[in-house]
Structures are given as structure tokens and as C-alpha cells.
Amino acid sequence: MHPVLISSCLLGNPVRYDGRGVPHGDAVLARWLQEGRVVAVCPEVAGGMPIPRPPAEIEPGRNAASVLAGGARVVAVTGEDVTAPFLHGAHEALAAAQARGIRMAVLKEGSPSCGSGYVYDGHFARRRQPGMGVTAQLLRGAGLQVFSEHQWAEAAAFLAELEAGDAC
């Protein structure tokens, strides 16, 4: 049985920057919870950030790959550079995945850590731009398949392919 890394906030845990969770009642997630597959992770909390915490975004004109390469920062709305805890949390998430042989993740879209399709543009104006969060980028670079909470069916199909491959 393949475990799946899931953003802790998607399980309803109050770990987001605003102290809330965003529980998802999707049948796929419910089944994975029942099967004991879910490994919860909040990279920002794992990186040492408090709950609640000021919103943060990757600085304008940059992306998660630049953050991972040391050429960009993650900045809180207060102006504080929070790159170090974002990087630490991303590496903690990767270590958790590798320790358990995890090959896929379902992460919170839009997050500067977990976004897989879009993040915010760094101006704290709620403007989306295509891109990934720091953790999603690191996981994908390490070979994990990363999905958002809007892709449960795709994630379930990928998991089924993994398990079918194991049966061969």
C-alpha cells in the first residue's frame, strides 16, 4: 500500500497562516484516510513558523525554483524575510516522503509552500500567477507527482497506476 503526502490543512487541521484549516470532504481523501495512507504535512509549521502567522509570498518576478537555488526570497506581508523556514519546511516534507517511500502528494493550491498550479505574485494583492510553491517544487524535483486539492480524481488514477505496477 502506497502512502500519500497530504497538506495538513486539507485534513481540517488549523495550521494555515490564518489559523484555519480547509477540510475537504472528497471521497478519495475519505477512502485514503480509512485505508491509513495519509501522511499529513504542513511545511510552514515544520519549518518553525507560528500559527497564525503573517501571509507570505515569493517575491515579485521570482519563482520557487529561484528560492530553492538561493536567488529569491519568500517575504511576509510585514516585510520579514521568511525564506529560511520555508526552505527548512520543504526539506522536512521531502525527508518525510523519502523516509516512507512516498511517490505522490496532494497539496494546498495557491500556497507559497504547497501550490502546484498557481501562487500569488508577491504584491499581496491576491493576484494569481502560474507557478509552484517551494515545497511543491522541491518534491516535484525529487520525482514525486504533485497534485492540488482540485485534482483528487487525477491523484487517485496515479495511485491506481502505481499499485497496478506493483502487481506486475
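My aim in this report is to walk through the structure given alongside it, one point at a time. Nothing here was measured: the structure is a model prediction, and the numbers come from that model. (Residues numbered from 1 in each chain as written. Predicted model: local features only at pLDDT ≥ 70, side-chain atom pairs only at ≥ 80, totals over all residues. Heavy atoms only, no water.)

Once that is clear, we can look at the overall build of the chain. Looking only at helices and strands, the chain features six helices and eight strands. Starting at the N terminus and ending at the C terminus, the chain contains elements arranged as β-α-β-α-β-α-β-α-β-β-β-α-β-α. By the compact-globule yardstick of 15 Å for 168 residues, the chain fits well, its C-alpha radius of gyration being 15 Å. By its C-alpha atoms, the chain is 50 × 30 × 25 Å across when sized along the principal axes. When burial is assessed residue by residue, the chain has 48% of its 168 residues classed as buried. For the chain, restricting intrachain contacts to residue pairs at least 6 apart in sequence, the fraction spanning at least 24 positions comes to 62%. (Helix = DSSP H or I, 4+ residues; strand = E, 2+ residues; numbered from the N terminus. Rg over C-alpha atoms; globule rule 2.2 N^0.38 Å. Buried < 20%, exposed > 50% of the residue type's maximum accessible area, 1.4 Å probe, protein only. Contact = heavy atoms within 4.5 Å.)

Here we come to the layout of surface pockets. Empty space among the atoms becomes visible once a probe the size of a water molecule is rolled across them. A volume near 510 Å³ is recorded for the largest pocket. Together, 28 residues line the largest pocket, and Arg16, Tyr17, Gly110, Ser111 and Pro112 are the ones closest to its centre. Its residues assigned to classes, the lining of the largest pocket shows 17 nonpolar, four polar and seven charged. (1 Å grid on protein atoms, 1.4 Å probe; cavity = no way out; pocket = protein on both sides within 12 Å on 5 of 7 lines; lining within 4 Å. Points joined across faces, edges and corners; volume = space filled by probe spheres on them. Nonpolar A, V, L, I, M, F, W, Y, C, P; charged D, E, K, R; others polar.)

Quick look at the packing of aromatic side chains now. Both the distance between ring centres and the angle between the ring planes are used here to describe each pair of aromatic rings. Counted according to the given criterion, the structure contains three aromatic pairs. For the pair Trp32 and Trp152, a centre-to-centre distance of 6.0 Å together with 65 degrees between the ring planes defines the contact as edge-to-face. Of the two residues, Trp32 sits in helix α1 (residues 27-35) while Trp152 sits in helix α6 (residues 152-167), which places them 120 residues apart along the sequence. Both residues of the pair, Trp32 and Trp152, count as buried. Consider the rings of Tyr118 and Tyr120, whose centres lie 5.9 Å apart with planes at 90 degrees: the pair is edge-to-face. Of the residues examined, Tyr118 reaches a relative accessible area of 17% and is grouped as buried. (Phe/Tyr/Trp six-rings, centres within 6.5 Å; stacked < 30°, edge-to-face > 60°.)

With respect to the element layout, Lys108 can be found in the loop between β5 (104-107) and β6 (118-120). Overall, the relative accessible area of 15% leaves Lys108 in the buried class. Engagement of the side chain of Lys108 in a polar contact is seen with the side chain of Glu149, the distance being 2.7 Å. Each residue touching Lys108, except ones within four places of it in the same chain, is listed here: Ser7, Cys9, Leu10, Arg16, Val22, Cys114, Gly115 and Glu149. (Polar contact = N/O pair within 3.5 Å; in protein donor to acceptor, adjacent residues only side chain to side chain.)

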